[in-house]
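Reading the structure
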Amino acid sequence: MTLSFFDQFMSPTLFGVPLIALALSLPWILFPTPSSRWLNNRLLSLQGWSISRFTQQLLLPLNLGGHKWAVILTSLMLFLITTNMLGLLPYTYTPTTQLSLNLGLAVPLWLATVIIGMRN
């Protein structure tokens, strides 16, 4: 298979859909928007189900004292998913490859668990 010089700049596609469109729209699909309706549509129901299922799986091995960490851990996981999905865009990199972001997220959470553990 012969490739030209400029084939490296072509947008990768999956089933005819450019992956740039998929990578840009996926983070917006993950965040639920509040609704004033009594019954939600399918997208809001799927978002609520996935977030509640993730939280349930997160809290399963924890005791009741650890349940107060659910919001921060769920939001951290959504942040990491969106930043890593943005790495699928061509000519970009994920910010989680930088040690400063990883340490900036890890050290405060680790320090908080150590301080709360020593306090209790």
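The name given to the protein in an unreviewed UniProt entry is ATP synthase F(0) complex subunit a, with Retropinna semoni as the source organism. Its UniProt record gives the protein the following Sequence similarities (unreviewed entry) comment, quoted word for word: "Belongs to the ATPase A chain family." One UniProt comment on the protein, placed under Catalytic activity (unreviewed entry), says "H(+)(in) = H(+)(out)".

**Looking at the UniProt feature "transmembrane region" (unreviewed entry) in the protein**
Here, the residues flagged by UniProt with the feature "transmembrane region" (unreviewed entry) are residues 12-31, 69-93 and 99-118. Secondary structure over residues 69-93 splits into 68% helix and 0% strand, and the C-alpha atoms at its two ends are 29 Å apart. Segment residues 99-118 splits into 100% helix and 0% strand. End C-alpha atoms: 27 Å apart.

**Here we look at the confidence of the model for the protein**
Averaged over every residue, the pLDDT of the protein is 79; residues scoring 70 or more account for 88%. By mean pLDDT, helix H1 (residues 19-30) is the weakest element of the protein at 70, and helix H4 (residues 99-119) is the strongest at 88.

**Let's talk about the environment of Ser52**
Turning to its location among the elements, Ser52 is positioned in helix H2 (residues 42-59). Classification of Ser52 as partly exposed rests on a relative accessible area of 42%. Once the C-alpha coordinates of Ser52 and Thr74 are considered, the two residues, 22 residues apart in sequence, prove to be 9.6 Å apart.

**Re helix H3 (residues 70-86)**
Over its 17 residues, H3 runs 24 Å from end to end, which matches the ideal 24 Å to within 8%, given 1.5 Å per residue. What H3 keeps buried is the set Ala70, Thr74, Leu78, Thr82 and Thr83.

**Side note on the packing of H2 against H3**
As a packed pair, H2 and H3 sit with axes 10 Å apart at the nearest point and diverge in direction by 120°. Between H2 and H3, the angle falls in the class oblique. Crossing handedness for the pair H2 and H3: right-handed. Contacts between H2 and H3 pair Ile51, Phe54, Thr55, Leu58 and Leu59 from the former with Ala70, Leu73, Thr74, Met77 and Leu78 from the latter. Within the contact of H2 with H3, the residues separate by chemical class into 8 nonpolar, 2 polar and no charged.

**Let's talk about the side chain of Thr83**
Mapped onto the secondary structure, Thr83 falls in helix H3. Overall, Thr83 belongs to the buried group, its relative accessible area being 8%. For Thr83, the side chain forms a polar contact with the main-chain oxygen of Leu80, separated by 3.1 Å. In this structure, Thr83 is in contact with Thr94, Pro95 and Thr96, ignoring residues within four places of it in sequence.

Calculation notes
Here, residues in each chain are numbered from 1, in the same order as that chain's written sequence. With the structure being a predicted model, the display of local features is reserved for residues of pLDDT at least 70 and the display and counting of side-chain atom pairs for 80 or more, all residues being used for whole-chain, interface and lining totals. Water and hydrogen atoms were dropped before computing side-chain values, which therefore reflect all heavy atoms in the structure. UniProt positions are given in the numbering used here, feature names are shortened, and annotations may be inferred rather than shown by experiment. Helix numbering and strand numbering both begin at the N terminus, where a helix is a DSSP run of H or I of at least 4 residues and a strand a DSSP run of E of at least 2. The predictor reports its confidence for every residue as pLDDT, a score running from 0 up to 100. Whether a residue is buried, partly exposed or exposed follows from its accessible area with a 1.4 Å probe, protein chains only, as a fraction of its type maximum: under 20%, in between, or over 50%, in that order. In this analysis, the expected span of each helix is defined as 1.5 Å times one less than the number of residues it contains. Interaxial angle, 0 to 180 degrees, is taken between N-to-C directions of lines fitted to C-alpha atoms, where a helix line uses only the stretch in contact. Oblique is the label for any angle not covered by the other classes, which are roughly parallel (under 35 degrees), roughly antiparallel (over 145) and roughly perpendicular (65 to 115). The hand of a helix crossing depends on one turn: near helix anticlockwise from the far one by less than a right angle means left-handed, and clockwise means right-handed. Whether two residues are in contact is decided by their heavy atoms: any pair within 4.5 Å suffices. Residues are sorted three ways: Asp, Glu, Lys and Arg are charged, Ala, Val, Leu, Ile, Met, Phe, Trp, Tyr, Cys and Pro are nonpolar, and all the rest, Gly among them, are polar. For the purposes of these results, a polar contact is taken to be a pair of N or O atoms within 3.5 Å, where, inside protein, one atom must be able to donate a hydrogen and its partner to accept one; residues adjacent in sequence count only when each atom of the pair is a side-chain atom.

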